[in-house]
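Structural description and commentary
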Amino acid sequence: MHDDITLTTGRAHRVLTERIWPAVHGTSVPLDVEWHVLPGEPVPPAEGLALAMEPYEVGTPWGPAWGTTWFRLTGAVPAEWAGRPVEAVVDLGFDVNMPGFQCEALVYRPDGSPVKSINPRNQHVPVADAATGGEQVELLLEAASNPVLLDYHPFLVTQEGDTTTASPRPLYTTRRMDLAIFEAEVHDLALDIEVLLELQAELPTGPRRMRILQALDDALDVLDLQRIPETATAARAALADVLASPAEASAHEISAVGHAHIDSAWLWPVRETIRKVARTTSSMADLIDRTDDFVYGMSSAQQYAWVKEHRPEVWTRIKEAVAQGRFLPLGGMWVESDTVMPSGEALARQFSQGQRFFERELGLRTHGVWLPDSFGYSPALPQLVRRAGFDWFFTQKISWNQVNVFPHHTFWWEGIDGSRVLTHFPPMDTYNSQLSGEEVAKAARQFREARHATGSIAPVGWGDGGGGTTREMTGKARRLADLEGSAKVRWEHPDAFFERARGELVASGHGDSAVWVGELYLELHRATLTSQHRTKQGNRRNEQLLVEAEAWAATASARTGAAYPYEELDALWQQVLLMQFHDILPGTSIAWVHREAVAQHAAVTAGVQEIIDRSLRTLVGDGDTALRANPAVFAQAGVPALGVAPASGPTAAPSTLTELPDGGYVLANDLVRVTLDAAGHVTSAIDLASGRDAVAPGREANVLQLHQDFPNKWDAWDVDRFYRNSVTDLREAEKVTATVDDGVATVSVHRAFSSSSLDQVLTLAPGSRTLEVSMETDWHEAEKFLKVAFPLDVRAEHVAAETQFGFHQRVTHTNTSWEAAKFETSMHRWVLAEEPGFGVGLVNDSIYGYDVTREVSDDGVAPAPGVPEVTTTVRLSLLRAPRFPDPETDQGVQTHRYGLVVGADAAAATEAGATFGARPRELRGGAGFEPLVSVAGGVTLSVVKLADDRSGDLVVRVYEALGRRAAGTVTVAAPVAGARTVSLIEDDVEARAVEVTADGAVVVELAPFEVRTLRFTRA
């Protein structure tokens, strides 16, 4: 017998696509349609439902970019349809390949109750499960004409990403607005055939595959293509046996959870995300009502809060589904944030704000962190996840690695302090699964812990732009629950999966073999550390200001009884947390999003500044004494950390400035001597105590370098390694001037290049080891990458870069493909290159990306003949100019501050980084005051605030910053009745009482990089 597999599969594909699927709604009548085009921004649903409408003809173009059109659909169910299920079918002009990335709508009844959404893969609206015939139908659609920005030829420059530049032309043309009979048996036949077609494609040629193919032929032989509804049952009968054959006992098990991964902003603005969430959750509530076992999971407390505020009618449905255990809040965070760039305190607030919302509004807390799509994961995160009370961590993005395949799917992730959290990557390599045969087979085939564990997670649904799970996906899940040749699929809460996986790893006795230590570095999207500098600058500024505001407000409460601004701080933190979403802070959203983010950061700054000013005025009282407030957690300018003291003159000898015969300058103080050449580059930076020069012999530091930057794809996200092959050093200076003012030596440099220009001011203050550079750039480049290079005379096998509550070491060589892939990496406030006895740091106030290269020469210029000269070059990443998705990224005036710290170690770098972005405040008042909280020993202070629960308790968070065991004290200069250790989010889950001495001190012993949160009950 001759088996022609392609003949069977080709036949089945064509019949399925061209005959069976269209027959699902084959009997239909057109609806009468009216419309109203809004002239500007959306209006609340109540207003939209009341709009005056005009007649509309299907096939008429509609919808300019970012517009909203309301449609009213009316009609009557034909009498002869009595007893049949009836649905409205609406095609707004969809491309079925782009759910979430184009037009979509939320459907309302006339009374304002939401029905569900329609989108390219979900075009039906239920009207009657069993029509009586003759009933009147009225539906209203709030339709959004969002433009397609990531098209079939992606990454093309577009001006459609902002209302200020978008085209007014209609983008879509409706195709269908009908009432139709829903042929349930035809729909089931379509799913039967689709599941079997996809399954057989993944099977080896053998009995199981052959029997499926024969069953498909048999089914199609009895299906009358002109009478599909009448013959669908017979066709299904021919498939029944192959669909009933059970899976192998050892089959991989897939825990499916409905999912939509709605980006809180990306190729759409926040205002559109609010509507996307309402649309998707309405559809998911409807799907929950129509199924017995389907569960849908959604993260991000912010998205729930939006629905509660803007769509209370949808919020009611969500709350009901949550109470049923079918709608699953996930993640415990305010948003699915970036985790590389936010500060430790910001991540703590992501957790605390998220969990507090879920507990307050839904009566529950989540047990894991759900972050499928963030662009790499900080090595500090495992500790923070565990100390916030979470049991597990979920992501998927590392499967996007360019070079190396990650070796685990279910494993223990170990952070910088040794904390471990159970972590899972879905082996089907997607967070938008359709439960296709290819995906299901891939999950079983790729699962790397198959020796010790039985299953994996599948987030199922259309995502990024929302949409969620469809009835086709739930239908596939039913068929794949126990099907020979396939993994088994069941709907399940991720908590249940992780509990089972934990037990399997422990029971196997091999759990320790599944461990990953350190950062989860994404070998892609490295340029997100630099794109959209103003957004990043606002984030760093407001993180610092919010922590400062909390400290002054807590001090004012303790010292004067002033009211603590809980609501104000919560609202401001929530704005910052939203803007840490993983497509906002990384700089990968459309122009509209970043325009709003910059403005929102400015508003947050103003709001926080008002709290700071109010608290300080309360604390210092009336008077005209010149005072200095220190917002840093280290003493500076003669003022203790978080204290206020009378302003005093310089405590160190003035800096000096000497002009050299060749036009260069020497800036010096008691600690360092810095030499600049005539073009303003640093040729020498000597630590006077050791005599060591930070700058490599014969080299220049603070050299600006311009690269061509045109990645293969993902313009705002990526920088590809070949960018280094083309570089221009910006060596020419149009003007160099120097001054000494109040004992501070400065040199100013003006440079012009290409279409841009920049001004640098290099400053050496008295008693400082840091040569500070303030830079203003008028940036008008396209597809360029600006860096600043510091070739250091340091033999560093590693560099240390600050991360949340500590630092992370990375090697400077490229021995392996894993190391070579890290050609652009992250830092917070500092990066340090160090050899025993001498190190050099670079500090900054708003930079996150850097790179390191290592050069060795033995050319006789070295310290002694035959002794190799090792140069460690550290470069800070300053500006980019990608064209997609925002063609004007970073154009205009940009500012940076960074500094070269000469003769530094990790402790010096930590202090320099903390003070660099928290300069003393000058003010006038009656008198200064001592800090409310002070630390001593090897303890670093992170935050002083009042407890989130409004109890009035004082919360103090400290950490060990240097990676070694430490002991110290935390002293509260106010009456306290007791103290205890609590979780990162201030819970008493694992509270431990600690002894407080008579003078308010607590002795703290910390493990390397340990974070400790103390809660003091005020007397």
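Refer to the structure printed above.
Side note on the overall build of the protein chain
For the protein chain, the helix and strand inventory stands at 18 helices and 52 strands. The C-alpha atoms of the protein chain give 31 Å as radius of gyration, which agrees with the globular expectation for 1019 residues (31 Å, within 12%). When its C-alpha atoms are laid out on the principal axes, the protein chain stretches across 100 × 70 × 60 Å. With 1019 residues in all, the protein chain has 62% of them scored as buried. For the protein chain, long-range pairs separated by at least 24 residues make up 75% of all intrachain contacts whose partners lie at least 6 apart in sequence. With the model as given, the accessible surface of the protein chain reaches about 36500 Å², and the carbon-plus-sulfur share is 50%.

Considerations on helix α5 (residues 228-244)
Compared with an ideal rise of 1.5 Å per residue, which puts 17 residues at 24 Å, α5 spans 23 Å between its outermost C-alpha atoms and is within 8% of the ideal. Considering bend angle alone, the principal kink of α5 is centred on A238 and spans about 40°. Looking only at α5, the buried set comprises I228, T231, A232, A235, L239, V242 and L243.

Focus: the pairing of strand β27 (residues 672-676)
Counting buried residues along β27, four of its five residues qualify, which places the element largely inside the surrounding structure. Connecting the antiparallel pair strand β26 (residues 665-668) and β27 is a turn made up of three residues. Summarising the sheet, β27 and strand β28 (residues 682-687) pair through five bridges and their orientation is antiparallel. Counted as the bridge partner of T675 is S684 from β28. Once β27 ends, the chain turns through five residues before running back antiparallel as β28, passing G680 with a positive phi of about 85°.

Concerning unusual backbone geometry
Negative phi values dominate among residues other than glycine, just as trans dominates among peptide bonds. In this structure, the amide linkage connecting F884 to the following residue, P885, adopts the cis form with an omega of 5°. One can find P885 in the loop between β42 (869-880) and β43 (892-902). The backbone phi angle of Q532 is positive, close to 60°, even though this residue is not glycine. With respect to the helices and strands, Q532 occurs in the loop between β22 (515-517) and α14 (533-560). Q532 sits in the buried class, given a relative accessible area of 7%. In this structure, E783 is a non-glycine residue whose phi angle is positive, near 55°. For E783, the location among the structural elements is in the loop between β34 (770-779) and β35 (784-792).

Details of the environment of I398
Counting through the fold element by element, I398 comes out in the loop between β17 (392-394) and β18 (410-414). Between the C-alpha atom of I398 and that of P372, which follows or precedes it by 26 residues, the distance is 9.1 Å. Sequence-distant contacts of I398, that is, excluding residues within four places in its chain, are made with Y377, F406, F425, L520, Y521 and L522.

Quick word on the nonpolar core
Core analysis: the biggest nonpolar cluster contains 199 residues, and I20, I193, F351, L954 and F1016 have the highest contact counts within it. The leading source of residues in this core is helix α16 (residues 591-620), at 10 residues. In contact with F1016, not counting residues within four places along its chain, are D953, L954, V956, V970, V972, V976, G978, A979 and V1002. In terms of nonpolar packing, the next biggest core, distinct from the first, is built from 49 residues, V695, V747, V773 and L876 among them.

Considering the layout of surface pockets
Roughly 1200 Å³ of volume is contained in the largest pocket. Lining the largest pocket are 31 residues, with Q636, A637, A765, P766 and S768 sitting closest to its centre. Looking at the lining of the largest pocket, the elements with two or more residues in it are β33 (756-764), β34 and α18 (906-916). Looking at the lining of the largest pocket element by element, the count peaks at five residues for α18. Taken together, the residues that form the lining of the largest pocket break down as 14 nonpolar, 10 polar and seven charged.

Topic: the sheet that holds strand β1 (residues 28-30)
On the basis of which strands lie adjacent, the open sheet formed by four strands has the order β1-β12-β6-β9 and antiparallel pairing. Only two strands of the sheet have a single partner each, and these edge strands are β1 and β9 (124-128). With strand direction ignored, the average angle separating the axes of adjacent strands in the sheet is 25°. In the sheet, β1 pairs with strand β12 (residues 176-181) via three bridges, with the strands oriented antiparallel. For S28, the partnering residue across the bridge sits in β12 and is A180.

A look at the packing of aromatic side chains
Under the criterion given, the structure shown has 43 aromatic pairs. The interplanar angle of 75° and the centroid separation of 5.8 Å between the aromatic rings of W266 and W268 together place this pair among those described as edge-to-face. Each member of the pair, W266 as well as W268, carries the same accessibility label: buried. The interplanar angle of 50° and the centroid separation of 5.0 Å between the aromatic rings of F406 and F425 together place this pair among those described as tilted. Pair noted here: F406 is in the loop between β17 and β18 and F425 is in the loop between β19 (420-424) and α11 (437-446), with a separation of 19 residues, a long-range link. Ring pairing ties together the aromatic residues F101, F155, W266, W268, W400, W714, W717 and F884, which thus form one cluster. Just above the ring of W268 sits the side chain of K276; from NZ or CZ to the centre is 4.4 Å.

Observations regarding helix α6 (residues 270-289)
For α6, with 20 residues, the first-to-last C-alpha span of 29 Å sits near the 28 Å given by 1.5 Å per residue. Counting buried positions over the 20 residues of α6 gives 19, a clear majority of the element.

Observations regarding the packing of helix α1 (residues 5-23) against helix α4 (residues 207-222)
Working note: a packed helix pair is described by the angle between its axes plus the distance between those axes. Contact geometry for α1 and α4: axes closest at 10 Å, N-to-C directions at 50°. With respect to α4, the element α1 is oriented oblique. Here the hand of the crossing between α1 and α4 comes out left-handed. Judged by residue contacts, I5, T8, T9, R11, A12 and V15 of α1 engage R209, M210, L213, L216, D217, L220 and D221 from α4. Each residue belonging to the contact of α1 with α4 can be placed in one class, and the counts come to seven nonpolar, two polar and four charged.

Criteria and cut-off values
- Residues numbered from 1 in each chain as written.
- Predicted model: local features only at pLDDT ≥ 70, side-chain atom pairs only at ≥ 80, totals over all residues.
- Heavy atoms only, no water.
- Helix = DSSP H or I, 4+ residues; strand = E, 2+ residues; numbered from the N terminus.
- Rg over C-alpha atoms; globule rule 2.2 N^0.38 Å.
- Buried < 20%, exposed > 50% of the residue type's maximum accessible area, 1.4 Å probe, protein only.
- Contact = heavy atoms within 4.5 Å.
- Areas by Shrake-Rupley, 256 points an atom, 1.4 Å probe, with all protein chains shown as cover.
- Expected span 1.5 Å × (residues − 1).
- Bend = angle between axes of the 7 residues up to and from the residue.
- Pairing = 2+ DSSP bridges.
- Core = buried A, V, L, I, M, F, W, Y, C linked by side-chain atoms within 4.5 Å.
- 1 Å grid on protein atoms, 1.4 Å probe; cavity = no way out; pocket = protein on both sides within 12 Å on 5 of 7 lines; lining within 4 Å.
- Points joined across faces, edges and corners; volume = space filled by probe spheres on them.
- Nonpolar A, V, L, I, M, F, W, Y, C, P; charged D, E, K, R; others polar.
- Axes fitted to C-alpha atoms, helices over the stretch in contact; angles between N-to-C directions.
- Phe/Tyr/Trp six-rings, centres within 6.5 Å; stacked < 30°, edge-to-face > 60°.
- Lys NZ or Arg CZ within 6 Å of the ring centre and 35° of its normal.
- Parallel < 35°, antiparallel > 145°, perpendicular 65-115°, else oblique.
- Left-handed = near helix turned anticlockwise from the far one by under 90°.

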